[in-house]
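Read off the chains here:
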Amino acid sequence: MLSTSPLDSISKTARPLADAKRPVLLVVDDEEGPRQSLKIVFKNDYEVLMATDGKSALEILRTQDVSVAILDILMAGMSGIELLARMKEIKPSIGVIMLTAYETLETARHAIRHGACDYLNKPFDITAMRSAVARALEKCRLAENLSSTDEKLYALQEEIQDQKLQQEIIRTKGEIYASVLHDINSPLTVISGYVEIINEAIRDAASVEGEQLETIKEDLGKLTGQVARCFEISRRYLSFLYNNPSGERALVGMNQILADMRELLSRHPSATGHKLTIQPLQEDVVADINGTDLLQILLNLTLNALQCTDQPHVVEVRCQKLTEPLEMGQFTDGPTDRFINREGFVNSAPLLLLSIQDSGPGIPAETMPKMFEEKFTTKSSDKGTGLGLSIVRRLIKEASGAIRLQTQPGLGSKFTVCLQTWSSQEAAE
């Protein structure tokens, strides 16, 4: 029967370390002599814990921060080799030294295979044992440092990824809010104009009646329409922001959109002094794109054309229906020509081509590659935000359409929007 000393029973229980700065050494042996000998050897440098069997050793390991363990291979119940394997499962970094009075090549192989740092014979040499424990402690600390470094690196990667995600969310929200402000700016300009006209009419007249009254009523109706459009744009973008977009497109006939655009721009300050021509289609079609999006595309492109110079010039908006796909080989990017969304463009007839052409100064070759970049603008800060064409590009990509930009310095520029169409019957359905 194995003897058990009072010291053994104390060491079996989880107890706080007497000196947290000293490493913990666990001695597991079913013989009291080796346990006590090892405690005497290492008591000044280590916090020495002792166990008489594998089960007690595992209990200690689960509750104490053990750095090094010395295990007897031949013990009743759980062998030292089995205990080594289970200890490595609990704490992979622990340094373990195997101790036996019956050395065989096979047991040594088993011990090394399961992660033992060293293998010593009984009776052990004190100097050799000190050296073995020191090496085991060094390996343990190195493994813990590597593990800690890996954890810190992983945490840092997670933090970086989280920051990137947060920045992406902020950036995306910023783009959306900026788009909202940009999109709403156009109708608000018109609303401001109507309000000023109505205020002048009311202020200068003692009473409002007859033709003047009808004009004011008409202007108020237009004003109401502009306000409704502001709400529509806001709802669309806020729906997109909260990832709850409507799956259905609001399809609108092309001639209706052109009429709306003519109305929106008829009193716009940018149109003053210039000639704006908008040609409707002889046979109306419906573009395969949300009507509000298409109106926004045309407004942005037409306003850009009107604002390309302060000098009086002509802006023409024309539409054309194609019954054959485009010949893509004719489109090449260069200093005077660009084709946007070539890869995402669904070139399937029937197609609708919408062109906005101006007789302005044209676009310099060095500016052409930047035209659709976000926040790029050739206008002064009080006249442009650089969002118009980036919004146009996004909306056209979402509709699987394309846009071509052609320019000649001194002769003007032309934007051509290419979209798929719906027949009137399909749109009605």
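Below or above, wherever it landed, is the structure these notes cover.

Cut-offs used in this document
- Residues numbered from 1 in each chain as written.
- Predicted model: local features only at pLDDT ≥ 70, side-chain atom pairs only at ≥ 80, totals over all residues.
- Heavy atoms only, no water.
- Axes fitted to C-alpha atoms, helices over the stretch in contact; angles between N-to-C directions.
- Helix = DSSP H or I, 4+ residues; strand = E, 2+ residues; numbered from the N terminus.
- Parallel < 35°, antiparallel > 145°, perpendicular 65-115°, else oblique.
- Left-handed = near helix turned anticlockwise from the far one by under 90°.
- Contact = heavy atoms within 4.5 Å.
- Nonpolar A, V, L, I, M, F, W, Y, C, P; charged D, E, K, R; others polar.
- Salt bridge = Lys/Arg side-chain N within 4 Å of Asp/Glu carboxyl O.
- Buried < 20%, exposed > 50% of the residue type's maximum accessible area, 1.4 Å probe, protein only.

Closest axis-to-axis distance for the helix α3 (residues 54-63)/helix α4 (residues 80-90) pair is 11 Å, and the angle between their directions is 15 degrees. Between α3 and α4, the crossing angle belongs to the class labelled roughly parallel. In terms of crossing hand, the pair formed by α3 and α4 is right-handed. On α4, the residues that touch G54, A57, L58, L61 and R62 of α3 are L83, R86, M87 and I90. Of the residues assigned to the contact of α3 with α4, the class counts are six nonpolar, one polar and two charged.

Before going further, it helps to spend a moment on the pattern of salt bridges. Scanning all chains against the criterion turns up 10 salt bridges. For the salt bridge of D29 with K122, the shortest nitrogen-to-oxygen distance reads 2.9 Å. Separated by 93 residues along the polypeptide, D29 in the loop between β1 (24-28) and α2 (32-42) and K122 in the loop between β5 (118-121) and α6 (126-204) bring together distant segments of the chain. When the shortest N-O distance is used, the salt bridge between R394 and E398 registers 3.5 Å. With R394 and E398 both in helix α10 (residues 388-398) and four residues apart, the pair spans about one turn of that helix. The class of R394 is partly exposed, set by a relative accessible area of 26%. If you follow the salt bridges from partner to partner, you end up with D29, E31, D72 and K122 in one network.

As a further point, take the environment of L137. Position of L137 relative to the elements: it lies in helix α6. On the accessibility criterion, L137 (8% relative accessible area) is buried. Separated by 114 residues in sequence, L137 and P23 place their C-alpha atoms 8.1 Å apart. Once residues within four sequence positions are removed from consideration, L137 is found in contact with P23, Y46, S67 and V68.

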